[in-house]
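Chain and residue survey
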Amino acid sequence: MNRTVYSIDGKELRTIELDDAVFGLPVNEEVIWYAVNNELANRRLGTASTKDRAEVHGSNTKPYKQKGTGRARRGDKKSPLMVGGGIVFGPKPRDFSYAMPKKAKRLALKSILSLKAQSDILKVVEDFTVESGKTRDLVKILKSFGDQERTVLILKDDDAKVKQAGRNIPWLTYLSYDNLTAHDLFYGRRVIMMEGAAKNLSTFYGEGAEAAE
């Protein structure tokens, strides 16, 4: 698959060959759904907690006598039927995370990259950095490729300057080529990938990488 490489000003520079094993696969919607939900589940804190009748504060004595009042019999004030009583089957702190097979996760990420490439949402840009580390300099580059919308920037390495410049942009998510997330990548309305990242992705997710595992 041939794609155009753009300058930081949005001008066409040259073409680059993208690996079809990474960017030209049939889109597997099921494994994408599985990967996105796996990431959301792993992010859940699971800190919701309620008190049952053994944990709420209150007396164990009967609020009134068993017979003769004409009212329903009561055991104690901590009964779930009483206001201020315990909660029945309420949530307790728990771990929602679960492991996903590595091959399935890799397939999901390649399917998303293929989906973005086939729908022309993916743009390949020459390698750049933001020496000043200022947000306005990075915003100027991003505006060359469209309006402000949910954007994913795939970096060729762990560029601290770009991350510093992008941390104050609410509609920007930056990802390293070797640490992609299915949720952010799938919901990105615009994906800008550095030329170096495209080459690294071909090595990292290509057929040779899977054969070596």
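It should be emphasised that the depicted structure is a prediction, and the values quoted were computed from it without experimental measurement.

Observations regarding the confidence of the model for the protein
The predicted model of the protein has a mean per-residue pLDDT of 90, with 97% of residues at 70 or higher. Averaged pLDDT values for the elements of the protein fall to 56 in helix α8 (residues 207-212) and rise to 96 in helix α2 (residues 29-43).

Overview of the environment of alanine 165
The topology assignment puts alanine 165 in helix α5 (residues 160-166). If sequence neighbours within four positions are ignored, alanine 165 has contacts with Val130, Gly133, Lys134, Thr135 and Leu138.

Observations concerning unusual backbone geometry
One non-glycine residue with positive phi stands out, namely phenylalanine 89, at about 55°. Among the secondary structure elements, phenylalanine 89 is positioned in the loop between α2 and α3 (102-118).

Remarks on the environment of leucine 185
Structurally, leucine 185 is set in helix α6 (residues 182-187). Spatially, the C-alpha atom of leucine 185 lies 8.0 Å from that of leucine 113, the residues being 72 residues apart in sequence.

Points about the packing of α3 against helix α7 (residues 195-205)
Taken N-terminus to C-terminus, the directions of α3 and α7 make an angle of 145°; their axes are 12 Å apart at the nearest point. Regarding α3 and α7, the two cross each other, and that crossing is left-handed. Residue-level contacts link Arg106, Leu109, Lys110 and Leu113 of α3 to Leu201, Phe204 and Tyr205 of α7. When grouped by side-chain class, the residues that make up the contact of α3 with α7 number five nonpolar, no polar and two charged.

Let's talk about the packing of aromatic side chains
Enumeration over the complete set of coordinates arrives at five aromatic pairs. With a centroid separation of 6.2 Å and an interplanar angle of 85°, the aromatic rings of tyrosine 6 and phenylalanine 145 are classed as edge-to-face. Here tyrosine 6 is found in strand β1 (residues 2-6), whereas its partner phenylalanine 145 is found in the loop between α4 (135-142) and β4 (151-155), with 139 residues between them in sequence. Both residues of the pair, tyrosine 6 and phenylalanine 145, belong to the buried class. Ring geometry for phenylalanine 186 versus tyrosine 187: centroids 5.0 Å apart, planes at 85°, classification edge-to-face. Among the residues examined, phenylalanine 186 registers a relative accessible area of 28% and is labelled partly exposed. Cluster of aromatic residues (ring-pair linked, three or more members): Tyr177, Phe204 and Tyr205. Over the face of the ring belonging to phenylalanine 96 we find arginine 44, whose NZ or CZ atom lies 3.6 Å from the ring centre. Directly above the aromatic system of phenylalanine 204 lies the positively charged group of arginine 106, at a separation of 5.9 Å from the ring centroid.

Observations concerning the pairing of strand β6 (residues 190-194)
Most of β6 is tucked away, with five of its five residues classed as buried. Note: strand β3 (residues 122-125) against β6, four bridges, orientation parallel. What sits directly across from lysine 123, in β6, is isoleucine 192. Taken together, the four bridges between β4 and β6 define a ladder with parallel strand orientation. By the bridge assignment for β6, threonine 151 is matched with arginine 190.

Looking at the pattern of salt bridges
Any two side chains of opposite charge can pair, on the condition that their charged atoms come close. Across all of its chains, the model carries seven salt bridges by this definition. The shortest N-O distance in the salt bridge between lysine 156 and aspartate 157 comes to 3.0 Å. On the basis of relative accessibility, which here comes to 27%, the residue lysine 156 falls in the partly exposed class. A salt bridge links aspartate 158 to lysine 163; the nearest nitrogen and oxygen atoms lie 2.3 Å apart.

Describing the packing of α2 against α3
Axis angle and axis distance: for two packed helices, these are the angle between their axes and the distance between the axes, and together they describe the pair. For the pair α2 and α3, interaxial distance at closest approach is 8 Å and the crossing angle is 110°. Taken as axis vectors, α2 and α3 run roughly perpendicular relative to one another. The way α2 lies across α3 gives a crossing that is left-handed. Contacts between α2 and α3 involve Val31, Ile32, Ala35 and Glu39 from the former and Ala104, Lys105, Leu107, Ala108, Ser111 and Ile112 from the latter.

Calculation criteria
- Residues numbered from 1 in each chain as written.
- Predicted model: local features only at pLDDT ≥ 70, side-chain atom pairs only at ≥ 80, totals over all residues.
- Heavy atoms only, no water.
- pLDDT = per-residue confidence, 0-100.
- Helix = DSSP H or I, 4+ residues; strand = E, 2+ residues; numbered from the N terminus.
- Contact = heavy atoms within 4.5 Å.
- Axes fitted to C-alpha atoms, helices over the stretch in contact; angles between N-to-C directions.
- Left-handed = near helix turned anticlockwise from the far one by under 90°.
- Nonpolar A, V, L, I, M, F, W, Y, C, P; charged D, E, K, R; others polar.
- Phe/Tyr/Trp six-rings, centres within 6.5 Å; stacked < 30°, edge-to-face > 60°.
- Buried < 20%, exposed > 50% of the residue type's maximum accessible area, 1.4 Å probe, protein only.
- Lys NZ or Arg CZ within 6 Å of the ring centre and 35° of its normal.
- Pairing = 2+ DSSP bridges.
- Salt bridge = Lys/Arg side-chain N within 4 Å of Asp/Glu carboxyl O.
- Parallel < 35°, antiparallel > 145°, perpendicular 65-115°, else oblique.

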